[in-house]
Every structure is written in C-alpha cells, then in structure tokens.
Amino acid sequence: MSKSLERAKAVTSVDVVVIGAGFAGLSAADRLVSLGKSVRVVEGRDRVGGRSLSGGIAGVEVDLGATWVSPRHTAIRALANRVGCATTDQFAEGRNVLWMAGKRRTYASTIPKVSPVALVDMARVQAALEKLVATIDVDKAWESPEATRLDDISFGEWLDQKHALSATRALMTVVSKVQWGCTPGDVSLLHALRYIRAAGGVDHMLDVEGGQQQERYLQTTQEIAKRLADQLGDSVVLGAPVRRITQDDEGVTVHTDTEVISASYAIVTAAPSHRADIEFEPSLPEAAEGLARSWRMGVLSKAFVAYDKPFWRTNGLSGEAVTDTGTVFITFDVSPDPSGPGILMAFCDPRVFDDFDPETRRSQVIKQLVDLYGEQASSPIDYIDHRWGAEQFAPGGPNPAVAPRATTTYGKALTEPHGRIHWAGTETAGEWAGCMNGAVLTGQRVAERINELLPSRTPEGASR
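The structure contained in this document is the topic of the report that follows. (Residues numbered from 1 in each chain as written. Predicted model: local features only at pLDDT ≥ 70, side-chain atom pairs only at ≥ 80, totals over all residues. Heavy atoms only, no water.)

## Here we look at empty space enclosed by the protein
Item 1. Overall, the coordinates contain 3 cavities of 30 Å³ or more when judged by the stated rule.
Item 2. If you add up the space inside the second largest cavity, you get close to 50 Å³.
Item 3. Taken together, Leu129, Phe155, Leu171, Met172, Val175, Trp180, Ile196, Val202, Met205 and Leu206 form the lining of the second largest cavity.
Item 4. For the lining of the second largest cavity, the elements supplying multiple residues, two or more each, are helix H7 (166-180) and helix H9 (202-206).
Item 5. In terms of residue count, the dominant contributor to the lining of the second largest cavity is H7 (4 residues). (1 Å grid on protein atoms, 1.4 Å probe; cavity = no way out; pocket = protein on both sides within 12 Å on 5 of 7 lines; lining within 4 Å. Points joined across faces, edges and corners; volume = space filled by probe spheres on them. Helix = DSSP H or I, 4+ residues; strand = E, 2+ residues; numbered from the N terminus.)

## Observations regarding helix H10 (residues 221-232)
Item 1. Between its terminal C-alpha atoms H10 stretches 18 Å, which fits the 16 Å expected from 12 residues at 1.5 Å a residue.
Item 2. Burial in H10 covers these residues: Thr221, Gln222, Ile224, Ala225, Leu228, Ala229 and Leu232. Take H10 and look down its axis: the buried residues cluster within an arc of 150°, on one side only.
Item 3. Just past H10, the residue Gly233 takes up positive phi, approximately 65°. (Expected span 1.5 Å × (residues − 1). Buried < 20%, exposed > 50% of the residue type's maximum accessible area, 1.4 Å probe, protein only. Arc of directions from axis to C-beta.)

## A closer look at the packing of helix H2 (residues 23-34) against helix H15 (residues 436-453)
Item 1. Relative to each other, H2 and H15 sit at 35°, their axes nearing to 7 Å. Crossing of H2 over H15 shows right-handed handedness. Here H2 contributes Phe23, Ala24, Ser27, Ala28, Arg31 and Leu32 to the contact with H15, which in turn contributes Met436, Ala439, Val440, Thr442, Gly443, Gln444, Ala447 and Glu448.
Item 2. For the contact of H2 with H15, the per-class residue count stands at 8 nonpolar, 4 polar and 2 charged. (Axes fitted to C-alpha atoms, helices over the stretch in contact; angles between N-to-C directions. Left-handed = near helix turned anticlockwise from the far one by under 90°. Contact = heavy atoms within 4.5 Å. Nonpolar A, V, L, I, M, F, W, Y, C, P; charged D, E, K, R; others polar.)

## Remarks on the environment of Trp312
Item 1. Mapped onto the secondary structure, Trp312 falls in helix H12 (residues 311-314).
Item 2. The class for Trp312 is buried, based on a relative accessible area of 0%.
Item 3. Along the backbone, Trp312 and Gly374 are 62 residues apart, and their C-alpha atoms lie at a distance of 8.7 Å.
Item 4. Setting aside residues no more than four positions away along its own chain, Trp312 makes contact with Tyr307, Leu317, Ser318, Gly319, Asp333, Ser335, Gly342, Ile343, Leu344 and Tyr373.
Item 5. Engagement of the side chain of Trp312 in a polar contact is seen with the side chain of Asp333, the distance being 2.8 Å. (Polar contact = N/O pair within 3.5 Å; in protein donor to acceptor, adjacent residues only side chain to side chain.)

## Quick look at the packing of helix H4 (residues 116-133) against H7
Item 1. As a packed pair, H4 and H7 sit with axes 8 Å apart at the nearest point and diverge in direction by 50°. Taken together, the axes of H4 and H7 are oblique relative to one another. Remark: the crossing between H4 and H7 carries right-handed chirality. Mapping the contact onto sequence places Ala118, Asp121, Met122, Val125 and Leu129 in H4 and Ala167, Thr168, Leu171 and Met172 in H7.
Item 2. Partitioning the contact of H4 with H7 into residue classes produces 7 nonpolar, 1 polar and 1 charged. (Parallel < 35°, antiparallel > 145°, perpendicular 65-115°, else oblique.)

## Regarding the sheet that holds strand S11 (residues 236-237)
Strand pairing in a sheet relies on backbone hydrogen bonds. The paired strands run either parallel or antiparallel.
Item 1. Strand order across the open sheet formed by 5 strands is S11-S3-S2-S15-S22, with parallel pairing between neighbours. A single partner strand is all that each edge strand has here, and the edge strands are S11 and strand S22 (421-423).
Item 2. Relative to strand S15 (residues 265-268), strand S2 (residues 16-19) runs parallel, the two being bridged by 4 bridges. Paired with Val18 across the strands is Ile267, a residue of S15. (Pairing = 2+ DSSP bridges.)

## As for the pairing of S2
Item 1. Alternating residues of S2 divide into Val16 and Val18 and Val17 and Ile19, and every residue in both groups is buried.
Item 2. Pairing of S2 with strand S3 (residues 39-42) involves 4 bridges; the strand directions are parallel. The residue of S3 that forms the bridge with Val18 is Val41.
Item 3. Viewed along the sheet, the connection from S2 through H2 into S3 turns out right-handed. (Right-handed = clockwise from strand over helix to strand, strands pointing away.)

## Some details on the pattern of salt bridges
Item 1. Evaluation of the coordinates by the stated rule reveals 20 salt bridges.
Item 2. In this structure, Glu146 engages Arg149 in a salt bridge whose closest nitrogen and oxygen atoms are separated by 2.7 Å.
Item 3. Counted as one network, the salt bridges with shared partners bring together Arg45, Arg47 and Glu391. (Salt bridge = Lys/Arg side-chain N within 4 Å of Asp/Glu carboxyl O.)

## Quick word on the layout of surface pockets
Item 1. Put simply, the second largest pocket is a space of about 630 Å³.
Item 2. Asp89, Gln90, Phe91, Ala92 and Val208 are, among the 36 residues lining the second largest pocket, the residues nearest its centre.
Item 3. Of all the elements in the fold, those that place two or more residues in the lining of the second largest pocket are strand S5 (60-63), strand S7 (87-89) and strand S10 (215-217).
Item 4. Looking at side-chain class alone, the lining of the second largest pocket contains 15 nonpolar, 10 polar and 11 charged residues.

## A few points about the packing of aromatic side chains
Item 1. Under the criterion given, the structure shown has 11 aromatic pairs.
Item 2. Measuring from ring centre to ring centre gives 6.3 Å for Phe155 and Trp158, while their planes differ by 25°; the resulting arrangement is stacked. Remark: Trp158 and Phe155 occur in helix H6 (residues 155-161); sequence separation between them is 3 residues, near one turn of the helix.
Item 3. Note on Phe155: relative accessible area 1%, which makes it buried.
Item 4. Linked through ring pairs, Trp68, Phe329, Phe332 and Phe347 together constitute an aromatic cluster.
Item 5. Above the plane of the ring of Trp423 lies Arg275, whose end atom (NZ or CZ) is 3.9 Å from the centre.
Item 6. Above the ring of Tyr265, the side-chain terminus of Arg420 is found at 4.9 Å from the ring centroid. (Phe/Tyr/Trp six-rings, centres within 6.5 Å; stacked < 30°, edge-to-face > 60°. Lys NZ or Arg CZ within 6 Å of the ring centre and 35° of its normal.)

## Considering helix H8 (residues 189-198)
Item 1. In terms of burial, H8 is largely enclosed, as 9 of its 10 residues are buried.
Item 2. Regarding H8, the residues found buried are Leu189, Leu190, His191, Ala192, Leu193, Arg194, Tyr195, Ile196 and Ala198.
Item 3. Where H8 begins, the capping side chain belongs to Ser188, and its oxygen is found 3.1 Å from the backbone nitrogen of Leu190.
Item 4. Where H8 ends, the next residue or the one after it, Gly200, has phi of about 90°, a positive value.

And the structure:
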C-alpha cells in the first residue's frame, strides 16, 4: 500500500485496540471501558457475535451458531442478564430417537439404549476417557502428565486401541463432529481430553438437564452481543478487517482498510488459524506461527426445519435424535411454544452437505427427518441452513480440529503475549474453552491484565 493512501486513512488513538467483535472482544472492551480506558473494537465481518449468529424461520429467531448455556456458565449468564436476555429450557421431555445400523429405536436417557453388550462397552470406554481427562492440566494441557504420548495419537486411534465397538465409535463420532467439527481420526487425543476437561467432563458436555445443553436464549445468543455492542457505541467498527499490526516500545499500530489505530496495547481475539490472516511486524515467534498453521478450524453446518406444530411431542418424542448415517447426525427441538411453530434443529455433516445447492440440502435433511420422526416430517412450512465452512470471512467452526502433536508443539503460544499484543478468545481459555463462557472469561481476564500495565490517569485525563 502506498504511503499516500496510508496518510489518507483516518487516524484514531486509544488506550487499547481490540480485534474481533465476538464475545471475547466485546467483553474485553466492556471491561476496559468500565475501568476508564478508551477502546476501539474492529471487526472484519459486517456484524458482531463471531460464531454466534441469528437466523429467521417461520417468524422465529434461531441460533445458527452458538446456542446453549449451562447453569455453570456464570460469565455469559451474567452478561446476558445485564443486557436483558433471558433463557428458556431446552425441551427434553419424552423419548429420544436412535437410528443406527439401519434400525430405528427410541430411548430415554443421555446415552442411547442399544444392546447390553454395547452399553457395557460405552460405559467402559467412557470410564477410560474420564480417567485420562482427570490427568489433564486444563490451563496447560501440553504440560500434563504423559502429554506427549496422548498427543501422538488421534482420538480415533485411541478408540482403536480400546477396541471400541461400532456403537461406541458411532456415539464418539457424533461427539467429535459437534465439538470439533471433525471425525475422531482428525483430532488429537490430548486436544479432545483438554476440551472435555474444560467442559466439565463427558456427562456435563453431553447432558441437557444439568449439562451444557440445559438452556438457550429466547432472544438468541447473537442478540447478547448486539446489545453489548450497542452499549459500546461508536467504539465498535464493523466491516474493518485488520491487515497489519506493527509495534515498538511505545505502542501498537493497527491497519484496517479504512483507518489506522494507534494504541498502547492490542488484544487479538481471532481463532488461532485466523491469526495468520494478519501481518505482524515484528513477525510472530516461530511457535505462534506454527499455532496458526496447525490449529485449523473444524467445520460444522446447521439446518432448521419448521412445521405447523411440534408434532413429535404428541407422539411422545423429545425431538432429540442421534443417527450414524446420512447428512444429519443429531437433532434438537427448538420450538418456541407447544402450540407452534414446531422447529427441529439439525446438525449436518459438511462433507455430505456443504457442496450441494440449497434445494438438495433441504431435501437431504427432510428425508432424514422423515426416517426419524415419520411421514409428518415431509411437509415443513419453512427451512433455513447455515454452512460455517462456507463463510467468506473467518470460516469454520465450532472449535479447532487440532491434529496430533500440534498441542504439545505449539499450545503454549495460545496465550503467550507477543510484545504489546495479547490474545483472547474461547480457544485460549482453560476452564470452559470452546464455549461462549470461555470467550467472555478470556476477554475479561486479558482486559484486566492490560489495565494493570497501562499507566493510571488522573480524573482530568481519564478516558471516557
């Protein structure tokens, strides 16, 4: 870029510049403002919320991205309460549906009721998994006992070593797809263990009642971000991807397409792989560059299908289903009211979903819902889907699908500052890494850390 164009850009000076207007970035800015510091939040997308996104179906707003909260997610809940967003229970009454090995059956628990032999195997594998989870340092997984051994193999290879039966592997594949947007063979065992530990264990990660899927927000999770951004006002700038960050002993300079921002410190909240989209001067250390290369985002897609009423409830079904084949691999009932409309949310495997046209994607999903819930599912009144891997800016989700050896080799760079550049985002959390609660906590913690580094001000020179 020419020097004349650089000079033509607007120049802004603040205490701290925050890159990313997801929950980590907005929470960091919010905390800094409360501490009397001036901030600028720059976001490459034309919206706030990061991996939280609202969509409309049959006149109802639904979560195309991050959805649920647990009673233990105190940070995001406190933030939502402050901006006036309320939760509703995830509907879970009735029997769940299991489609496995071409057969349909129903069950009434978190773990599908399959054959007695398969149930014993699932319990055996889960117990072995929980034993390993207990050894993980959630803040520094790469320093955990036997971290190297655990990081040398994939989650799928570990299931092979445990001689897991097909039913157990099918369930663990669903867990892997939802959590990391990949199959068990594509994610390091250590990385999987870290996220399970961060989520409070296998049961808390999978359960509805008392678990991570217990509640969702009536107004959608993106609405929380929107309201927080509204409070921050003109400090939040959208459609402003960061191209370059330079720094020296005096401060940092952030270059976007429309302005140049000078600040004492910067907080980058982009996912590790998306840090590579920014040019850093001086360059990132080798470990940080390796992190950006190796901590690639997983991919996950969602579809929503609306009906006049939640007819499955009349049939004694919860709307929760698990299947081991096809496009859809898990469903939930996100209907706003028993009287309708009835809305099923379906998680879809991007490998057999994303590359098709909208009508084909729709027909694939509805066909599977008919298998799961009967002929009534063939007549929807509305449909919407979202392919996170197809997003133009910062594609992928929900979390990084980290391959073997990348955690022990590069994990330390998750949070290690690069001079005046600090990192936040759900991936950098210890406890609650991978969820909105983790994102909020990291934003707040980094903001408080930087506040301690900034010089105190007199009331006359205080930021707004």
